[in-house]
Amino acid sequence: MIRVVGIGPGDLHYGLLGQEAWFQEADLILGSQRHLDTLPQNFRQKGQVAPKKLADLKAYLHQQPEGRRIVFLVSGDPLVYGLGKWLTENFPGQVLLEPGISSMQYLASRLALPMNDAYLSSSHAKQPNFDFLLSLPKVFLVTDQQLGPYQIAQEVVKRGLRKTVVIGENLSYPDEKVSISSAEQVEDRPYKMNVVVIIDEGFAFFTNKSTND
């Protein structure tokens, strides 16, 4: 059995209650090194960095002895642009999902930004349909190093649209930074782990715009 545990946006305060009982029961705890670093010291000997490539991960999991109890740590919510969908499709009937707070949810709460009308997407390792996305009033995107905040903002600029861009970096960590600006003002610089929100200009944020911490 594979128990997929969403650890939240990063800070341990946003993790799930009851995790330690799952760690205690587990024979193996998988995740990235960042995920494994969140484990209490007495469970770290069970930790193993998971293969990054999906084909390698699939083969590795199939090699595990039958009946082995595995906890798989993932960022945020496993079913919000996480491994939850892939794992349930590739290991049907063998996966339990424990949802965490996604980075998108965290950023929305940070800004008191309702998600009822939000469209969730990703630019991670793919080219989004920006004509479609930018026709919508509110879009949340998780990004990667190739297509990050600046490149997304330039798609807005190229189309001559008037949009506000929110960038949340290292969300929930001590060096968290949240910035709100027009697309034209988004800087061309390296961005740390981030979520981008593109929203129609004129939205009235209920939180003070000086959210940089």
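Residues numbered from 1 in each chain as written. Predicted model: local features only at pLDDT ≥ 70, side-chain atom pairs only at ≥ 80, totals over all residues. Heavy atoms only, no water.

## Focus on the confidence of the model for the chain
And then number 1: Confidence in the prediction of the chain, expressed as mean pLDDT, is 91, and 95% of residues score 70 or more.
And then number 2: Confidence drops under pLDDT 50 across residues 208–213; counting only partners more than four residues distant or on other chains, this segment forms eleven contacts. (pLDDT = per-residue confidence, 0-100. Contact = heavy atoms within 4.5 Å.)

## Observations regarding the sheet that holds strand E4 (residues 70–74)
And then number 1: Strand order in this open sheet of five strands is E3-E2-E4-E1-E5, and the pairing throughout is parallel. The two strands at the open ends of the sheet, each matched to only one other strand, are strand E3 (47–49) and strand E5 (95–98). Here the strands of the sheet are splayed against their neighbours by 25° on average, with no regard to which way each runs.
And then number 2: Its contacts with the sheet place helix H3 (residues 54–62) against strand E1 (2–6), strand E2 (28–31), E3 and E4, and it is angled at close to 175° to E2. (Pairing = 2+ DSSP bridges. Helix = DSSP H or I, 4+ residues; strand = E, 2+ residues; numbered from the N terminus. Axes fitted to C-alpha atoms, helices over the stretch in contact; angles between N-to-C directions.)

## Some points on the pattern of salt bridges
And then number 1: Enumeration over the complete set of coordinates arrives at 13 salt bridges.
And then number 2: With its nearest N and O atoms 2.4 Å apart, the salt bridge here joins Glu98 to Arg3. One end of the pair, Glu98, is in strand E5; the other, Arg3, is in strand E1, and 95 residues separate them in sequence. For the pair Glu98 and Arg3, one class covers both residues: buried.
And then number 3: A salt bridge links Asp200 to Lys163; the shortest N-O distance between them is 2.6 Å. Of this pair, Asp200 sits in strand E10 (residues 194–200) while Lys163 sits in strand E8 (residues 163–169), and the two are 37 residues apart along the sequence. (Salt bridge = Lys/Arg side-chain N within 4 Å of Asp/Glu carboxyl O. Buried < 20%, exposed > 50% of the residue type's maximum accessible area, 1.4 Å probe, protein only.)

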